[in-house]
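Commentary on secondary and tertiary structure
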Amino acid sequence: MKHKSIWLALALTVAVIAGVLLDPTQVVVGKLAGDAFFEGRPTRYWVRSLQAGPARQADALSTLEQGKSAAVPVLVAILNGTSVADAETRCAAPEVLAKIGPDAAEAGPAVLAGLSDPDSHLQAVCAEALPKLEVPARTAVPLLIPLLKTTNAVVAAKELSRYRAAAAPAVPDLVTLLTDKRQTSEARWNAARTLAKIGPEAMGGLDALVDSLGDDDWMIREHSAEAIGELGEGAAEKGVPALTAMLSDPVARVRRDAVRSLGYFGAASRAAAPEIKKLLDDQEEVVRKAATKALTFVDPGESRTSAPSVEEPDD
């Protein structure tokens with residue numbers, strides 16, 4: 001009888017353990033392990049859901065996003081690697097946090113930590129989430145700058161651009177990226193574009209931008225031409241002659257952005273007026289429109305209205 005009781009107790013124990021381990025909700029295990037919970041389910045349950053088939057995964061992502069701030073502790077736990085979340089699953093966390101937006105602001109420190117994660121894709125996803133979480137520039141910019149020297153240079157430049165003038169500390173590294181011809185074209189022209197978004201606070205990049213007007217890559221010429229104008233009146237002395245020379249560039253978008261920037265300088269570009277007038281008869285409509293508008297600021301008495309046309313694309 002005694003042996004029978006022992007075997008019964010043992011069987012009951014095994015059944016309990018099996019029930020706990022096989023429980024699809026993982027609630028007991030999660031409580032024992034100290035998991036974060038959302039909608040009565042522990043982190044490990046959400047990890048399994050995100051690693052399941054497409055339908056269940058989509059449902060989990062939607063539920064977490066709709067949970068807003070209540071889902072943040074679980075998402076942070078997933079991002080941090082709690083419950084042995086693989087890299088792909090961890091990347092889902094900052095993507096959802098970004099969609100939640102400011103309501104997930106408390107996840108900022110975890111997302112910032114992700115910028116130095118060994119997984120480069122996770123770094124990129126975390127970088128993209130920062131502005132959406134409204135992580136302040138004073139915290140985000142210093143941690144985004146090192147990414148300009150990695151394979152995530154394009155992502156880093158784009159996210160720095162969202163901080164505009166507050167990203168001014170990145171100017172030296174953006175200049176280095178722009179002028180390094182070993183880098184990809186996309187990385188280099190994004191560096192120029194970010195200098196444009198920073199505006200007058202990026203005046204330290206003026207010489208590099210002027211030099212880049214002579215680059216073989218037309219996209220780098222285009223974005224450099226745009227950026228010079230965005231630096232403000234302080235860039236006019238060097239910018240006007242350099243941009244005037246670009247009005248005969250073979251690529252229409254380069255001519256367009258060069259004449260736009262001359263227009264931004266206003267009367268300081270008066271010497272370029274004769275060359276700007278030539279573009280009123282340019283073969284490309286976007287260039288004609290840009291030239292017409294520029295003349296209204298550079299030399300109003302000499303401007304003339306162009307024929308009606310489709311709206312100019314905003315690149």
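Just so you know, the residues in each chain are numbered from 1, in the order the chain's sequence is written. The predicted origin of the model limits local features to residues at a pLDDT of at least 70 and limits the giving and counting of side-chain atom pairs to 80 or more, whereas totals for whole chains, interfaces and linings rest on all residues. Excluded from the side-chain calculation are hydrogens and water; included are all heavy atoms of the structure.

**Observations concerning the overall build of the protein**
Rule in force here: Only DSSP runs of H or I covering at least 4 residues are called helices, and only runs of E covering at least 2 are called strands; the numbering of each starts at the N terminus. The classification of residues rests on relative accessible area computed with a 1.4 Å probe and restricted to protein chains. Under 20% of the type maximum is buried, over 50% is exposed, and intermediate values are partly exposed. Throughout, a contact is declared for two residues whenever any of their heavy atoms are within 4.5 Å. In short, Shrake-Rupley with a 1.4 Å probe defines the accessible areas, and a residue's cover is counted only from the protein chains shown.
Along its length, the protein carries 18 helices and two strands. Residue burial in the protein is summarised as follows: out of 315 residues, 49% are buried. In the protein, the proportion of contacts linking residues at least 24 apart, taken out of those at least 6 apart, comes to 59%. Accessible area for the protein stands at about 15,600 Å²; split by element, carbon and sulfur atoms hold 56% of it.

**Observations concerning the side chain of Asn-152**
With respect to the element layout, Asn-152 can be found in the loop between helix 9 (137-144) and helix 10 (153-161). Residue Asn-152 is classed as buried on the basis of its relative accessible area, which comes to 9%. In this structure Asn-152 touches Ser-120, Gln-123, Ala-124 and Leu-147, once residues within four positions along its chain are discounted.

**Section: the side chain of Asp-282**
Mapped onto the elements, Asp-282 comes out in the loop between helix 17 (273-278) and helix 18 (285-298). With relative accessibility at 10%, the residue Asp-282 sits in the buried group.

**Some thoughts on the pattern of salt bridges**
Quick reminder of the rule: Any Lys or Arg side-chain nitrogen located within 4 Å of an Asp or Glu carboxyl oxygen qualifies as a salt bridge.
Under the counting rule described, the total for this entry stands at 15 salt bridges. Residues Asp-173 and Lys-149 are paired through a salt bridge, measuring 3.7 Å at the closest nitrogen-oxygen approach. Of the two residues, Asp-173 sits in helix 11 (residues 171-179) while Lys-149 sits in the loop between helix 9 and helix 10, which places them 24 residues apart along the sequence. Residue Lys-149 is classed as exposed on the basis of its relative accessible area of 67%. For Glu-275, the salt bridge identified is with Lys-278, shortest N-O distance 3.2 Å. Of this pair, Glu-275 and Lys-278 are both found in helix 17, three residues apart, which corresponds to roughly one turn of the helix. Under the relative-accessibility criterion, Lys-278 is labelled exposed at 55%.

**Overview of helix 16 (residues 252-264)**
Our working definition: Between the first and last residue of a helix there are one fewer steps than residues, each counted as 1.5 Å, and that sum is the expected span.
If you check helix 16, its first and last C-alpha atoms are 18 Å apart, about what 13 residues at 1.5 Å a residue would give, namely 18 Å. Of the residues making up helix 16, those classed as buried are Ala-252, Val-254, Arg-255, Arg-256, Asp-257, Ala-258, Val-259, Ser-261, Leu-262 and Gly-263. Two residues or fewer past helix 16, Gly-266 is found with a positive phi of approximately 60 degrees.

**Some points on helix 14 (residues 218-230)**
Worth spelling out the cut-off: Polar contact is defined as a pair of N or O atoms within 3.5 Å, subject to the rule that within protein one atom must be able to donate a hydrogen and the other to accept it, and that residues adjacent in sequence are counted only when both atoms are side-chain atoms.
Between the first and last C-alpha of helix 14 there are 19 Å, a value that for 13 residues agrees with the 18 Å anticipated at 1.5 Å per step. Every buried residue belonging to helix 14 is among Ile-220, Arg-221, Glu-222, His-223, Ser-224, Ala-225, Ala-227, Ile-228 and Gly-229, and all of these are buried. Taking the backbone nitrogen of Met-219 as reference, a side-chain oxygen 2.9 Å away marks Asp-217 as the first, capping residue of helix 14.

**Some details on unusual backbone geometry**
Even without being glycine, Glu-134 reaches a positive phi, approximately 60 degrees. Tracing the sequence through the fold places Glu-134 in the loop between helix 8 (120-129) and helix 9. Its identity is not glycine, yet Arg-164 carries a phi of approximately 50 degrees, on the positive side. Within the secondary structure layout, Arg-164 lies in the loop between helix 10 and helix 11. What makes Arg-164 partly exposed here is its relative accessible area of 47%.

**A word on the environment of Val-287**
With respect to the secondary-structure elements, Val-287 resides in helix 18. Exposure remark for Val-287: the relative accessible area of 0% places this residue in the buried category. Between the C-alpha atom of Val-287 and that of Asp-257, which follows or precedes it by 30 residues, the distance is 8.5 Å.

**Considerations on the packing of aromatic side chains**
Test applied: Side-chain rings of Phe, Tyr and Trp (the six-membered ring for Trp) are treated as a pair once their centres are within 6.5 Å; stacked means planes under 30 degrees apart, edge-to-face means over 60, and tilted covers the remaining angles. Placement of a charge over a ring requires the Lys NZ or Arg CZ to be within 6 Å of the ring centre, with the centre-to-atom vector within 35 degrees of the ring normal.
This model, assessed by the stated rule, comprises two aromatic pairs. Considering the side-chain rings of Phe-38 and Trp-46, the 5.4 Å spacing of their centres and the 40 degrees angle between planes classify their relative orientation as tilted. Neither residue differs from the other here; Phe-38 and Trp-46 are each classed as buried. A ring pair is formed by Tyr-45 and Trp-46, whose centres lie 5.2 Å apart and whose planes are at 85 degrees; its orientation type is edge-to-face. Both residues of the pair, Tyr-45 and Trp-46, count as buried. Members of the aromatic cluster, connected to one another through ring pairs, are Phe-38, Tyr-45 and Trp-46. Over the ring of Tyr-45 we find Arg-41; its NZ or CZ atom is 5.6 Å from the centre of that ring.

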